[in-house]
Amino acid sequence: QLQLVESGGGLVQPGGSLRLSCAASGFTLANYVIGWFRQAPGKAREGLSCISKGGELTDYADSAKGRFTISKDNAKNTVYLQMTSLKPEDTAVYYCAATPGHYYCPGYDPYDFDTWGQGTQVTVSS
């Protein structure tokens, strides 16, 4: 059974940092492009970043550029999203998702990703 499990969310003050993890079981992340998305209440799911199968190519949406860093540890079968300079508008449920059908990021259409984690809540508030 293919499964992704996110962790590392929580409550952080504005300007703070968090590192989210996305651990895979039942499949090898080296064979998948991984994307990070988020969804705030009442808003559409938003793509943030993705990383290629080999981990050497990354992409960031404008909302993530300069503040978020995606990385992949194929030995640990885990992808990370390091988030810095967090703002209240970053408050959302954060998801990772996997797709095997590309080597590099296909974009941020959620329908291009076929395996999703359950999400982890990030709340940025003082």
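Before any of the text, the structure's been laid out above.
This structure is a prediction, so every number in the text was calculated from the model and none was measured. (Residues numbered from 1 in each chain as written. Predicted model: local features only at pLDDT ≥ 70, side-chain atom pairs only at ≥ 80, totals over all residues. Heavy atoms only, no water.)

**Looking at the overall build of the protein chain**
For step 1, the next point in the chain: A tally of regular secondary structure across the protein chain gives zero helices and 11 strands.
For step 2, the next point in the chain: Ordered by position from the N terminus, the helices and strands of the protein chain form the series β-β-β-β-β-β-β-β-β-β-β.
For step 3, the next point in the chain: For a compact globule of 126 residues, the expected C-alpha radius of gyration is about 14 Å, and the protein chain comes in at 13 Å, within 12% of that figure.
For step 4, the next point in the chain: In terms of its C-alpha atoms, the protein chain occupies a principal-axis envelope of roughly 40 × 25 × 25 Å. (Helix = DSSP H or I, 4+ residues; strand = E, 2+ residues; numbered from the N terminus. Rg over C-alpha atoms; globule rule 2.2 N^0.38 Å.)

**With respect to the state of the cysteines**
For step 1, the next point in the chain: Applying the stated criterion to the full structure yields two disulfides.
For step 2, the next point in the chain: Between the sulfur of Cys-22 and that of Cys-96 lies a disulfide, 2.1 Å long from S to S. Taking the sign of the S-S torsion, 75° for the link of Cys-22 and Cys-96, the bridge is right-handed. In this pair, Cys-22 is assigned in strand 3 (residues 18-25) and Cys-96 in strand 9 (residues 92-99), connecting sequence segments 74 residues apart. There is no split in this pair, since Cys-22 and Cys-96 are both buried.
For step 3, the next point in the chain: The residue that forms a disulfide with Cys-50 is Cys-105, at a sulfur-sulfur distance of 1.8 Å. Residue Cys-50 is located in strand 5 (residues 46-51), and its partner Cys-105 is located in the loop between strand 9 and strand 10 (115-116); the two are separated by 55 residues in the primary sequence.
For step 4, the next point in the chain: The class of Cys-50 is buried, set by a relative accessible area of 0%.
For step 5, the next point in the chain: What connects to what in the protein chain, once the bonded cysteines are numbered by sequence position, is 1-3, 2-4. (Disulfide = S-S within 2.5 Å. Buried < 20%, exposed > 50% of the residue type's maximum accessible area, 1.4 Å probe, protein only.)

**Describing the sheet that holds strand 1 (residues 3-7)**
Remark on secondary structure: sheet strands pair via backbone hydrogen bonds, oriented parallel or antiparallel.
For step 1, the next point in the chain: A sheet is described by the order of its strands in space; here four strands give the open sequence 1-3-8-7, paired in antiparallel fashion. Because the sheet does not close on itself, it has two edges, and the strands there are strand 1 and strand 7 (68-73). Pairs of neighbouring strands in the sheet enclose a mean axial angle of 15°, with direction left out of account.
For step 2, the next point in the chain: One ladder, built from six bridges, connects strand 3 with strand 8 (residues 78-83); its direction is antiparallel. Its bridge partner lying in strand 8, Cys-22 is registered against Val-79. (Pairing = 2+ DSSP bridges. Axes fitted to C-alpha atoms, helices over the stretch in contact; angles between N-to-C directions.)

**Remarks on a nonpolar patch on the surface**
For step 1, the next point in the chain: Nonpolar side chains collect at one region of the surface, where Leu-57, Tyr-103 and Tyr-104 lie side by side and expose about 270 Å² of accessible area between them.
For step 2, the next point in the chain: Mapped onto the secondary structure, Tyr-104 falls in the loop between strand 9 and strand 10.
For step 3, the next point in the chain: For Tyr-104, a relative accessible area of 32% puts it in the partly exposed group. (Patch = residues over 30% accessible without salt bridge, like charges linked within 9 Å, V, L, I, M, F, W, Y side chains within 5 Å. Areas by Shrake-Rupley, 256 points an atom, 1.4 Å probe, with all protein chains shown as cover. Salt bridge = Lys/Arg side-chain N within 4 Å of Asp/Glu carboxyl O.)

**With respect to the side chain of Ser-49**
For step 1, the next point in the chain: Along the chain, Ser-49 turns up in strand 5.
For step 2, the next point in the chain: A distance of 2.8 Å separates a polar atom in the side chain of Ser-49 from the backbone oxygen of Asp-59. (Polar contact = N/O pair within 3.5 Å; in protein donor to acceptor, adjacent residues only side chain to side chain.)

**Focus on the pattern of salt bridges**
Once the charged atoms of two side chains with opposite charge are near each other, the side chains can pair.
For step 1, the next point in the chain: Following the criterion strictly, the structure yields four salt bridges and no others.
For step 2, the next point in the chain: Residue Arg-38 pairs with Asp-90 through a salt bridge whose shortest N-O separation is 2.8 Å. Taken together, the positions of Arg-38 in strand 4 (residues 33-39) and Asp-90 in the loop between strand 8 and strand 9 put the pair 52 residues apart, joining distant regions of the chain.
For step 3, the next point in the chain: You can call Asp-90 buried: its relative accessible area is 1%.
For step 4, the next point in the chain: One continuous salt-bridge network, built from bridges that share partners, spans Arg-38, Glu-46, Arg-67 and Asp-90.

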